[in-house]
Amino acid sequence: MEAELDGENFTFDDYSGKETVLEFLESKGVPAPFSCREGNCSACACVVLEGDVKMAHNEVLDDLDLADGIRLTCQATPITEKLRISFNG
Ligand code: FES
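Draft legend 1. Highlighting the overall build of the protein chain. Summing up its helical and strand segments, the protein chain has two helices and seven strands in all. Taken from the N to the C terminus, the helices and strands of the protein chain come in the order β-β-α-β-β-α-β-β-β. The C-alpha atoms of the protein chain give 12 Å as radius of gyration, which agrees with the globular expectation for 89 residues (12 Å, within 12%). Taken over the C-alpha atoms alone, the protein chain extends approximately 30 × 25 × 25 Å along its principal axes.

Given below as structure tokens:
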């Protein structure tokens, strides 16, 4: 998986997809943003650029957000082998 955060690119090839995207990035020392961790605030939101994820819980993103590729990393696990996300903008 690849993640873009504050102009930095992080690439990992050992993401099993079992934990959430946020948990995985934290386990790698990536300072990914978050607040509630419950799908209620969107502080952890990213844009999916390639691949896709499913979200366990989403109380904050509407259909337009989802159509724009926005996902909550605290609720997201990958459903594709390739996953590229960005926290920028
Ligand atoms: S941290 Fe609040 S929705 Fe993910």
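Draft legend 2. Geometry of the nonpolar core. Counting residues in hydrophobic clusters, the biggest one holds 16 residues, and the most contacted among them are Val21, Leu22, Leu25, Cys44, Val53 and Ile85. The biggest single contributor to this core is helix α1 (residues 21-27), with four residues. Among all residues touching Val21, those that are not within four sequence positions of it are Val53, Thr73, Ala76 and Ile85.

Draft legend 3. Seen up close, the environment of Phe12. Among the structural elements, Phe12 can be located in the loop between β2 (8-11) and α1. Each C-alpha atom, one on Phe12 and one on Ile85, is 12 Å from the other, the two residues being 73 residues apart in sequence. If sequence neighbours within four positions are ignored, Phe12 has contacts with Met1 and Lys28.

Draft legend 4. View of unusual backbone geometry. Positive phi, normally seen in glycine, also occurs at Asp6, with a value near 50°. Tracing the backbone through its elements, the reader meets Asp6 in the loop between β1 (2-5) and β2. Asp6 sits in the exposed class, given 8 other C-beta atoms within 10 Å.

Draft legend 5. Quick peek at the sheet that holds β2. The strand order across the open sheet formed by five strands is β2-β1-β7-β3-β5, and the pairing between neighbours is mixed. Of all the strands in the sheet, just β2 and β5 (70-72) have a single pairing partner and so form its edges. In this sheet, neighbouring strand axes are inclined to one another by 30° on average, regardless of whether the strands run parallel or antiparallel. Sheet topology places strand β3 (residues 45-50) next to β5; three bridges connect them, and they run antiparallel.

Reading the values: the criteria
- Residues numbered from 1 in each chain as written.
- Predicted model: local features only at pLDDT ≥ 70, side-chain atom pairs only at ≥ 80, totals over all residues.
- Helix = DSSP H or I, 4+ residues; strand = E, 2+ residues; numbered from the N terminus.
- Rg over C-alpha atoms; globule rule 2.2 N^0.38 Å.
- Core = buried A, V, L, I, M, F, W, Y, C linked by C-beta atoms within 7 Å.
- Buried ≥ 20, exposed ≤ 12 C-beta atoms within 10 Å, placed from the backbone.
- Contact = placed C-beta atoms within 7 Å.
- Pairing = 2+ DSSP bridges.
- Axes fitted to C-alpha atoms, helices over the stretch in contact; angles between N-to-C directions.

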